[in-house]
Amino acid sequence: MTAQSQYFSMLGLYQHGDRLMTGVQWFLLLVALSMANWYNTWAEALVIGLPTTLLCTLLVKIQPGSRLTRVTQGLAFMVYSALLIHQSHGMIEFHFSIFVLLAFLLFYRDWLPILAAAGLIAVHHMLFNYLQESDTGVYIFEFRTGWNIVFIHAAFVVFEAALLIYMAHLLSREARQSESLSQLVAHMVVNDGQIDLRADLKEDGSQLERELRNYVFQIRQAVSQTQDGSQRLSTELQHATQRTQDASEKSRQQRNKTDELASAVQELANSFHDVSAHAQHTADTTQEAGSKAQASSQTLSQVSRLIEELAGEITSADQLMQALEQDSREIGEVTELISSIAEQTNLLALNAAIEAARAGDAGRGFAVVADEVRQLAQNTAASTERIKNTAQQLRSRTGDASNSMQNCTLKASDSVQGMQEAVRMLSDITDAVMQINDMNTQIASAAEEQSAVAEEVNQNVTQISDLAQEVDTVVTETSHSADELAQLSKRLSTQVERFKT
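Residues numbered from 1 in each chain as written. Predicted model: local features only at pLDDT ≥ 70, side-chain atom pairs only at ≥ 80, totals over all residues. Heavy atoms only, no water.

Below, the discussion takes up the overall build of the protein chain. Looking only at helices and strands, the protein chain has eight helices and three strands in total. Going from N to C terminus, the protein chain has its helices and strands arranged as α-α-α-α-α-α-β-β-α-α-β. The burial tally for the protein chain puts 34% of its 501 residues in the buried class. Considering only contacts in the protein chain between residues 6 or more positions apart, those separated by 24 or more positions represent 77%. Approximately 29,700 Å² of the protein chain is accessible, and the part contributed by carbon and sulfur atoms is 59%. (Helix = DSSP H or I, 4+ residues; strand = E, 2+ residues; numbered from the N terminus. Buried < 20%, exposed > 50% of the residue type's maximum accessible area, 1.4 Å probe, protein only. Contact = heavy atoms within 4.5 Å. Areas by Shrake-Rupley, 256 points an atom, 1.4 Å probe, with all protein chains shown as cover.)

If you want it as structure tokens, here you go:
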């Protein structure tokens, strides 16, 4: 990761430090070259400064960010400090470069370059102090030398180096924590709308790293559970939406069926009302028919009694006709006797006339009497003949009447039996009508009860229809709510899916 990278890393810090320190060394080379005219130290500037800068530049190119490069940069700083001190013939001001350049090395947050640089400058002071005292042409101090001055300078260097090493340790720990945070943030950053939570920290990191790792782990676990819950919620909401739609459709079907059932129950209730009315009317009609049947039975009973009496009268008349026929026969016999007497009288009158004629004048009066007697006998015979004919006709008609009366008697007897049978059948019909009347009454009562039950069922079905309407409204509202929840779940799922766990 380069220095221009968006996120912090130790490697990026080292590489950025390498470039920064190399730039400082090129600056120090320019300072050394500018100081070369002061004491004519061009050879030292070119022989020491230029190779040192080129070596560091080469290491930055071939091993950027390596610890070797960092240590070399620290050693090169102290080489330049020694060069500048030598070029200035030990001016105390150029000793300040040691502390400044050591402070620059703190940028690396690495204690080893600082320690190496401090060690090198310590060796430099002891060696150059010896060489300066030996008058070899090298310089470490401007006015006077001595181990006491070396130890004073060394004490300051050791103090600063120790403090810088401690600070480097602290800064290194913080930098590594920052690196861990930066790595985590690098994963957590929104990239094409995605947030990666899969980055993990080392188990052996700092307390902050462990806490941050646990924090990220908890977030990742919560997001993962939220993703699972969101997916399940989305699936369940889809199922619930489908079930709600099915329930809504079934509720509408149920409402339609309930409406049809309510109409059917209403028609059934009306039919029960009609049946009850018809049954009641039938019961009333049957009761009236039963009453009329009872009256007819009583009338038939009276007619039967009258026919029986008529049959009795006809029987009596038949007996009278038979007696009349007998009297007619007797009349016939009497007329025959009278006719016989009239014939004998006529014969006697004829004989008397003959005898009177024989008697002459003496018998003339007797002859008149005999003629009157003969005339009377002839009239009697004629009357007797008429009576006989009349008696015969009377007997004949009496016989016919007797026969007719006998037939009437038989038919009257049959009529009496038929009437009795009719009376019995009518009595049975009356009983049946009474039973029918009772049954019709029960049917009417049952129909009335059924009508009441049907009315109650109709009310219940109406209430069920109203409840079905309310349920359909609730189901519709629930369906709309489920659709809204599905949209919210979809948006939630879209937002949660941005996190990679």
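You can see H125 is positioned in helix α5 (residues 111–133). Exposure remark for H125: the relative accessible area of 5% places this residue in the buried category. When near neighbours in sequence (up to four residues on either side) are disregarded, H125 contacts H95, I98, I140, F141, V150 and H153.

Another aspect to go through is the packing of aromatic side chains. Under the definition given, this model contains four aromatic pairs. Ring centres 4.9 Å apart and planes at 25 degrees place the aromatic pair W38 and Y39 in the stacked group. Accessibility expressed as a relative area gives 42% for W38, which makes it partly exposed. In this structure Y39 comes out as partly exposed when scored by relative accessible area, which is 34%. (Phe/Tyr/Trp six-rings, centres within 6.5 Å; stacked < 30°, edge-to-face > 60°.)

Caution is warranted with low-pLDDT regions, since their predicted coordinates should not be read in detail. Within the protein chain, residue pLDDT values average 78, and 84% of them lie at 70 or more. Every residue in residues 1–5 scores below 50 in pLDDT, and together they form ten contacts with partners more than four places removed in sequence or on other chains. (pLDDT = per-residue confidence, 0-100.)

Between helix α3 (residues 67–87) and helix α4 (residues 92–105), whose axes approach to 8 Å, the crossing angle comes to 170 degrees. Overall, the two elements α3 and α4 adopt an arrangement that is roughly antiparallel. Once α3 is placed against α4, the crossing between them reads as right-handed. Contacts between α3 and α4 involve Q73, G74, F77, M78, S81, L84 and I85 from the former and F94, H95, S97, I98, L101, L102, F104 and L105 from the latter. Broken down by class, the residue content of the contact of α3 with α4 amounts to ten nonpolar, five polar and no charged. (Axes fitted to C-alpha atoms, helices over the stretch in contact; angles between N-to-C directions. Parallel < 35°, antiparallel > 145°, perpendicular 65-115°, else oblique. Left-handed = near helix turned anticlockwise from the far one by under 90°. Nonpolar A, V, L, I, M, F, W, Y, C, P; charged D, E, K, R; others polar.)

Our focus in this paragraph is the nonpolar core. One finds L28, F77, M78, I98, L102, L105 and I114 to be the most contacted residues of the largest nonpolar core, which totals 39 residues. When residues of this core are traced back to their parent elements, those giving at least two are α1 (10–34), α3, α4, α5 and α6 (147–188). Here the element with the most residues in this core is α1; it accounts for eight residues. Residue contacts for M78: discarding those within four places in its chain leaves I98, L101, L102, A117, L120 and I121. (Core = buried A, V, L, I, M, F, W, Y, C linked by side-chain atoms within 4.5 Å.)

This part covers helix α2 (residues 42–62). Compared with the 30 Å implied by 1.5 Å per residue over 21 residues, the 29 Å span of α2 between its first and last C-alpha is a close match. Along α2, the residues classified as buried are A45, G49, T52, T53, C56, T57, L59 and V60. Summarising the contacts, the buried residues of α2 are in contact with α1 and α3. (Expected span 1.5 Å × (residues − 1).)

By the secondary structure assignment, H153 is in helix α6. In this structure the side chain of H153 is engaged in a polar contact, spanning 3.4 Å, whose partner is the side chain of H95. Beyond its immediate stretch of four places on either side in the chain, H153 contacts I92, H95, H125 and F141. (Polar contact = N/O pair within 3.5 Å; in protein donor to acceptor, adjacent residues only side chain to side chain.)

Attention now goes to unusual backbone geometry. A positive phi angle, near 55 degrees, is found at N40, a position not held by glycine. Secondary-structure assignment places N40 in the loop between α1 and α2. Take N40: its relative accessible area is 62%, and that puts it in the exposed class. Despite not being glycine, D135 has its phi angle at roughly 55 degrees, a positive value. One can find D135 in the loop between α5 and α6. Using a relative accessible area of 69% as the deciding quantity, one classes D135 as exposed.

Now for the pattern of salt bridges. Scanning all chains against the criterion turns up two salt bridges. A salt bridge links D110 to R67, with the nearest nitrogen and oxygen atoms 2.9 Å apart. Placement of the pair is D110 in the loop between α4 and α5 and R67 in helix α3, with a sequence separation of 43 residues. With a closest N to O distance of 3.0 Å, D110 and R70 form a salt bridge. Taken together, the positions of D110 in the loop between α4 and α5 and R70 in helix α3 put the pair 40 residues apart, joining distant regions of the chain. For R70, a relative accessible area of 5% puts it in the buried group. Within this structure, R67, R70 and D110 form a network of salt bridges that share partners. (Salt bridge = Lys/Arg side-chain N within 4 Å of Asp/Glu carboxyl O.)

With that out of the way, let us pick up the environment of A155. Its place among the elements puts A155 in helix α6. For A155, a relative accessible area of 45% translates into the label partly exposed. When the C-alpha positions of A155 and A122 are compared, they lie 9.7 Å apart, and in sequence the two are 33 residues distant.

This part covers the environment of Q132. Secondary-structure assignment places Q132 in helix α5. Q132 sits in the buried class, given a relative accessible area of 16%. Each C-alpha atom, one on Q132 and one on G146, is 9.7 Å from the other, the two residues being 14 residues apart in sequence. In this view, Q132 contacts V138, Y139, I140, F141 and T145; residues no more than four positions away in its chain are not counted.

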